[in-house]
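Each chain, written out:
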Amino acid sequence: MHEASVALSLIGVAETVALENGGGRVLALTVRIGQWSAVVPTALMAAFPACAEGTLLEGARLNIELVPGVGLCPQHGRVELELKRGLRCPLCDAPTPTLLQGDELELDGLELDGLELQ
Ligand SMILES: [Zn+2]
């Protein structure tokens, strides 16, 4: 399952950061997920607890921050894209092939035992 491998790689990154900061337990992590990334947040939420078992993240809270898709329209500049319309400006339907944001999958913050990292 795709989301399980995503969860495992996020856990790997978070563990590395935790180890660099004393190796304490991770209480919570915040992940930014673009609406246009291939990751389904609910599936990630579901996969996370089992993947975190036996790691520094066991029992950690997973917060997901959804990032909307933003494209660049030649006429309207930055526009928020609608998934159902594809890479087109919602105002004038011009193609907006460049995704300025919305495909991210990144660790945004970690809450370690006694320490908060952004
Ligand atoms: Zn437009």
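What counts and what doesn't
- Residues numbered from 1 in each chain as written.
- Predicted model: local features only at pLDDT ≥ 70, side-chain atom pairs only at ≥ 80, totals over all residues.
- Heavy atoms only, no water.
- Helix = DSSP H or I, 4+ residues; strand = E, 2+ residues; numbered from the N terminus.
- Buried < 20%, exposed > 50% of the residue type's maximum accessible area, 1.4 Å probe, protein only.
- Contact = heavy atoms within 4.5 Å.
- Expected span 1.5 Å × (residues − 1).
- Arc of directions from axis to C-beta.
- Core = buried A, V, L, I, M, F, W, Y, C linked by side-chain atoms within 4.5 Å.
- Pairing = 2+ DSSP bridges.
- Axes fitted to C-alpha atoms, helices over the stretch in contact; angles between N-to-C directions.
- pLDDT = per-residue confidence, 0-100.
- Donors = N, O, S within 2.8 Å, 3.2 Å for Na, K, Ca; no water.
- Tetrahedral: all angles 85-135°; square planar, octahedral: opposite > 155°, others 65-115°.

### Quick word on the environment of P68
In step 1: For P68, the location among the structural elements is in the loop between strand 2 (61-67) and strand 3 (70-73).
In step 2: The class of P68 is partly exposed, set by a relative accessible area of 26%.
In step 3: As a C-alpha pair, P68 and Q35 span 33 residues in sequence and 5.4 Å in three-dimensional space.
In step 4: In contact with P68, not counting residues within four places along its chain, are Q35, E80, Q101 and G102.

### Some details on helix 2 (residues 41-52)
In step 1: The end-to-end C-alpha distance of helix 2, which contains 12 residues, comes to 16 Å, matching closely the 16 Å that a straight helix rising 1.5 Å per residue would cover.
In step 2: Restricting attention to buried positions, one finds in helix 2 the residues A43, L44, A47, F48, C51 and A52. End-on view of helix 2: buried residues confined to an arc of 140°, all on one side of the axis. Exposed residues on helix 2 whose side chains face more than 90 degrees from its buried face are T42, A46 and A50.
In step 3: Close packing links the buried residues of helix 2 with helix 1 (2-20), strand 1 (26-34) and strand 2.
In step 4: Taken from the residues just after helix 2, G54 is the one with a positive phi, measuring 80°.

### Some details on the nonpolar core
In step 1: V26, L29, L44, F48 and L57 are the most contacted members of the largest nonpolar core, which totals 21 residues.
In step 2: Broken down by secondary-structure element, the contributors of at least two residues to this core are helix 1, strand 1, helix 2 and strand 6 (105-112).
In step 3: When residues in this core are grouped by element, the largest group, six residues, is from helix 1.
In step 4: Each residue touching V26, except ones within four places of it in the same chain, is listed here: A14, A18, L56, L57, A60, L110, E111 and L112.
In step 5: Membership of the second largest hydrophobic core comes to five residues, among which are C73, V79, C89 and A94.

### Some remarks on the sheet that holds strand 3
In step 1: The three strands are arranged 4-3-5 in an open sheet whose pairing can be described as antiparallel. Strands with a single pairing partner mark the edges of an open sheet, and in this sheet they are strand 4 (77-80) and strand 5 (99-101). Going across the sheet, the axis of each strand differs from the next one's by a mean of 40°, ignoring polarity.
In step 2: In terms of strand pairing, strand 3 meets strand 5 through two bridges, oriented antiparallel. When the sheet's bridge partners are listed, V70 is paired in strand 5 with Q101.

### Considerations on the confidence of the model for the protein chain
In step 1: When the pLDDT values of the protein chain are averaged, the result is 94; 98% of them are 70 or greater.
In step 2: Model confidence for the protein chain, summarised as mean pLDDT per element, is weakest for strand 7 (residues 115-117) at 73 and strongest for strand 2 at 97.

### Considering unusual backbone geometry
In step 1: A positive phi is found at D93, a non-glycine position, where the angle reads about 70°.
In step 2: Relative accessible area serves as the criterion here: at 36%, D93 is assigned to the partly exposed category.

### Observations regarding the coordination of the zinc ion
In step 1: Donor atoms from the polypeptide that bind the zinc ion are C73 (SG), H76 (ND1), C89 (SG) and C92 (SG), placed at 2.0 to 2.4 Å.
In step 2: Here the zinc ion is ringed by four donor atoms whose angles at the metal span 102 to 115°, and the overall shape comes out tetrahedral.
In step 3: Sequence spacing of the donors to the zinc ion: C-x2-H-x12-C-x2-C. A residue pair is termed long-range when its members are at least 10 positions apart, and C73 in strand 3 and C89 in the loop between strand 4 and strand 5 qualify at 16 residues. As far as burial versus exposure is concerned, C73 and C89 are alike and both buried.

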